[in-house]
Amino acid sequence: MIISASRRTDIPAFYSEWFVNRLKAGFVYVKNPLNSKQISNILLTPDKVDCIVFWTKNAQPMLPSLDTIDGMGYSYYFQFTLTPYDRSLERNLGDKQEILQGFKRLSKRIGKQRVIWRYDPIIINERFSVKYHLQSFDKLCYELCGYTTKCVFSYVDIYAKIGKLAKKIIGNEVGIDNMNKIAQGFADIAKENQIILETCSEEIDLSQYGIHHTACIDQKTIESITGYAINSKKDKNQRQACGCIESVDIGAYNSCFHGCIYCYATLNDTMVQNNRCCHDVHSPLLIGQPGINDKITDRLVKSLKSTQIPLF
């Protein structure tokens, strides 16, 4: 089983203590996003968990916990989003220079192959032009050269859940001409800094620039980290263009405090604040406690380790 921690919220930035407590307990409860009365009980023991994929915009709060996670025998890597936006788009995100230094410390701690940089999403409007992105990407590549081997980027999608004000600030989705200008410029810059450049959930073919589609929860990456082959399937719950393999997400929507207006996982600030008040680091649920009318069902999970196909 692959654990996603998490597409729905930033567990390393805000819930690292809770996460380590769940690993120590060996299980976690996860509510069905479509029916909060239905709860899955998911085993988190090392014999069931092949790899953990962390998604974050600030890994510093989790750095002190890595020794504990390593000591329990878990394999993991990070999808680390670092963009050049200010608080007009990422309203509550901390100082970017401090976050950048945190990226470097994480890379030194676990190795550059296990920290994948995400420049995501790319937004083009009057404030953030193509030229702005090319200059910003160049600066970030210079800073991160030697601290990561791969950068994954995507162009913004205007989700239905995003509010009217957010849509107004973001503007329109990126047109084909600008997609190609960005891709060509990024490819040249990434090559100079020895960083592999790939796209996430994009249908456009950018192979002419040496850019190929990737998977964020990626079988090859997981196999290289775990040291063994796995039997996996494409995640049917993701978009058609997404190449991720199946995983179990243990996060909760409306619980991230970064306040990024382009985020599909947060409806409004009030819900986030209410959920924040309900968080208990000792609860099996990320948000709140199980209710007396909740139905808790054990989810069948198993290791994906292949016993037939050797990796090497």
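Residues numbered from 1 in each chain as written. Predicted model: local features only at pLDDT ≥ 70, side-chain atom pairs only at ≥ 80, totals over all residues. Heavy atoms only, no water.

Asks: Kindly report on the overall build of the protein chain, identifying the contributing residues and their values.
Replies: Looking only at helices and strands, one finds nine helices and eleven strands in the protein chain. A compact globule built from 312 residues would reach a C-alpha radius of gyration of about 20 Å, and the protein chain, at 19 Å, matches this within 12%. Considered along the principal axes of its C-alpha atoms, the protein chain spans approximately 55 × 50 × 35 Å. Burial analysis of the protein chain (312 residues in total) assigns 53% to the buried set. (Helix = DSSP H or I, 4+ residues; strand = E, 2+ residues; numbered from the N terminus. Rg over C-alpha atoms; globule rule 2.2 N^0.38 Å. Buried < 20%, exposed > 50% of the residue type's maximum accessible area, 1.4 Å probe, protein only.)

Asks: Kindly report on unusual backbone geometry, identifying the contributing residues and their values.
Replies: In this structure, the amide linkage connecting alanine 5 to the following residue, serine 6, adopts the cis form with an omega of -5°. On the secondary structure map, serine 6 appears in the loop between β1 (2-5) and α1 (11-14). Of note, serine 201 is a non-glycine position whose phi angle comes to about 50°, a positive value. Position of serine 201 relative to the elements: it lies in the loop between β8 (196-200) and β9 (212-214).

Asks: Explain the pattern of salt bridges to me, using residue names and the numbers behind them.
Replies: The tally for this structure, following the rule as stated, stands at eleven salt bridges. Here glutamate 90 makes a salt bridge to lysine 57, at a shortest N to O gap of 4.0 Å. With glutamate 90 in the loop between β5 (76-81) and α4 (96-110) and lysine 57 in the loop between β4 (51-56) and α3 (66-71), this residue pair connects regions lying 33 residues apart in the sequence. By relative accessible area, glutamate 90 is classed as buried at 1%. With a shortest N-O distance of 3.3 Å, lysine 150 and glutamate 198 are connected by a salt bridge. Pair noted here: lysine 150 is in strand β7 (residues 150-155) and glutamate 198 is in strand β8, with a separation of 48 residues, a long-range link. Classification of glutamate 198 by relative accessible area gives buried; the value is 15%. Residues participating in the shared-partner salt-bridge network are Lys57, Glu90 and Lys96. (Salt bridge = Lys/Arg side-chain N within 4 Å of Asp/Glu carboxyl O.)

Asks: Can you break down the sheet that holds strand β2 (residues 27-32) residue by residue, with the values?
Replies: Here three strands make up an open sheet; going across it, the order is β2-β3-β11 and the pairing mixed. If you trace the sheet from one side to the other, it starts and ends with β2 and β11 (295-298), each paired once. For this sheet, the mean angle separating the axes of adjacent strands, direction not counted, is 30°. Note: β2 against strand β3 (residues 35-43), six bridges, orientation antiparallel. Along β3, the bridge assignment pairs lysine 31 with isoleucine 39. (Pairing = 2+ DSSP bridges. Axes fitted to C-alpha atoms, helices over the stretch in contact; angles between N-to-C directions.)

Asks: Go over the pairing of β8 with me, naming the residues and quoting the values.
Replies: Counting buried positions along β8 yields four of five residues, so the element is predominantly enclosed. Pairing between β7 and β8: four bridges, direction parallel. Counted as the bridge partner of lysine 150 is isoleucine 196 from β8. Examined bridge by bridge, β8 and β9 share three bridges and lie parallel to one another. When the sheet's bridge partners are listed, cysteine 200 is paired in β9 with threonine 214.

Asks: A description of the sheet that holds β8 should follow, citing residues and the corresponding values.
Replies: One open sheet holds the eight strands; their spatial order is β9-β8-β7-β6-β5-β4-β1-β10, and the pairing between them is parallel. Where the open sheet ends on each side, the last strands, each with one partner, are β9 and β10 (248-249). Alignment of strand β6 (residues 115-122) against β7, held across four bridges, turns out to be parallel. Paired with tryptophan 117 across the two strands is cysteine 151, which belongs to β7. Those strands touched by helix α5 (residues 130-144) are β6, β7 and β8, and its axis lies near 170° from that of β6. (Contact = heavy atoms within 4.5 Å.)

Asks: Residues and numbers for α4, please.
Replies: Compared with an ideal rise of 1.5 Å per residue, which puts 15 residues at 21 Å, α4 spans 21 Å between its outermost C-alpha atoms and is within 8% of the ideal. For α4, the set of buried residues is Ile99, Leu100, Gly102, Phe103, Lys104, Leu106, Ser107 and Ile110. Here the buried face of α4 lies against α3, β5, β6 and α5. Put simply, aspartate 95 is the residue that caps the front of α4, since its side-chain oxygen is 3.1 Å from the backbone nitrogen of glutamine 97. (Expected span 1.5 Å × (residues − 1). Polar contact = N/O pair within 3.5 Å; in protein donor to acceptor, adjacent residues only side chain to side chain.)

Asks: Got a sec to walk through the nonpolar core? Specific residues and values, please.
Replies: Taken as a class, soluble globular proteins show a tendency for nonpolar side chains to be buried jointly. Counting residues in each nonpolar core, the largest one holds 77 residues, and the members touching the most others are Phe19, Trp117 and Phe137. Membership of the second largest hydrophobic core comes to 18 residues, among which are Cys216, Ile230, Cys244 and Ile245. (Core = buried A, V, L, I, M, F, W, Y, C linked by side-chain atoms within 4.5 Å.)

Asks: For the packing of aromatic side chains, give the residues involved together with the corresponding values.
Replies: Throughout the structure, instances matching the rule amount to 19 aromatic pairs. Judged by centre distance (5.3 Å) and plane angle (75°), the rings of phenylalanine 19 and phenylalanine 54 are edge-to-face. Residue phenylalanine 19 is located in helix α2 (residues 16-25), and its partner phenylalanine 54 is located in strand β4; the two are separated by 35 residues in the primary sequence. Between tyrosine 119 and phenylalanine 137, the aromatic rings sit 5.5 Å apart at their centres with planes inclined by 80°, giving edge-to-face as the arrangement. (Phe/Tyr/Trp six-rings, centres within 6.5 Å; stacked < 30°, edge-to-face > 60°.)

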